[in-house]
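Structural characterization, general
Here is how the chains run, residue by residue.
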Amino acid sequence: MAAAKKLYRSTGNRMIAGVCGGLAEYFNVDPTVIRLAYVLLSVFTAAFPGILVYIIATLIIPQDPGYTDI
């Protein structure tokens, strides 16, 4: 039986908080595609909702449990 796939903030594909990198790992796509889609969505929605969604996602999505902060 396969383990359930879980969404985590990425530690390897992070630019700010790892949200887009985590989504890319979850959906098995290139992180650049997710980042471009996020930027375009933010620009076309007057930026504020996109920034707010990113902040909320950063607070809600847990960091990858394999991460060690040294």
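Scroll up to find the structure this text is about.
Because the structure is a prediction, the values reported are computed rather than measured.

Moving on: the packing of helix α1 (residues 19-27) against helix α2 (residues 31-44). At a minimum axis distance of 8 Å, the contact between α1 and α2 shows a crossing angle of 125°. The angle between α1 and α2 falls in the class oblique. Note on packing geometry: the crossing formed by α1 with α2 is right-handed. Between α1 and α2, the residues in contact are C20, G21, L23 and A24 and P31, I34, R35 and Y38, respectively. In terms of residue class, the contact of α1 with α2 is built from 6 nonpolar, 1 polar and 1 charged.

On to the nonpolar core, then. Among the nonpolar cores identified, the biggest contains 8 residues, and these are A17, V19, C20, A24, I34, Y54, A57 and I61. Elements represented by at least two residues in this core include exactly α1 and α3 (48-60). For this core, the element with the highest residue contribution is α1, accounting for 3 residues. Apart from the residues within four sequence positions on either side, I34 is in contact with C20, L23, A24 and V29.

This brings us to α3. Turn by turn, an α-helix covers 3.6 residues, leaving residues three or four places apart pointing in a common direction. The end-to-end C-alpha distance of α3, which contains 13 residues, comes to 18 Å, matching closely the 18 Å that a straight helix rising 1.5 Å per residue would cover. If you check which residues of α3 are buried, you get G50, Y54 and A57. Down the axis of α3, the sector holding all buried residues measures 65°, keeping them to one side. Away from the buried face of α3 by more than 90 degrees, exposed residues F48, L59 and I60 are located. On its buried face, α3 sits against α1 and α2.

A few words now on the environment of T11. Within the secondary structure, T11 is located in the segment before α1. According to the relative accessible area criterion, T11 is partly exposed, its value standing at 28%. Taking the C-alpha atoms as reference points, T11 and I55, 44 residues apart in sequence, are found 17 Å from one another.

Attention now moves to the side chain of S42. Here S42 is to be found in helix α2. Residue S42 is classed as buried on the basis of its relative accessible area, which comes to 8%. Dropping the residues within four chain positions of it, S42 is found in contact with A47 and G50.

Rules behind the numbers
Residues numbered from 1 in each chain as written. Predicted model: local features only at pLDDT ≥ 70, side-chain atom pairs only at ≥ 80, totals over all residues. Heavy atoms only, no water. Axes fitted to C-alpha atoms, helices over the stretch in contact; angles between N-to-C directions. Helix = DSSP H or I, 4+ residues; strand = E, 2+ residues; numbered from the N terminus. Parallel < 35°, antiparallel > 145°, perpendicular 65-115°, else oblique. Left-handed = near helix turned anticlockwise from the far one by under 90°. Contact = heavy atoms within 4.5 Å. Nonpolar A, V, L, I, M, F, W, Y, C, P; charged D, E, K, R; others polar. Core = buried A, V, L, I, M, F, W, Y, C linked by side-chain atoms within 4.5 Å. Buried < 20%, exposed > 50% of the residue type's maximum accessible area, 1.4 Å probe, protein only. Expected span 1.5 Å × (residues − 1). Arc of directions from axis to C-beta.

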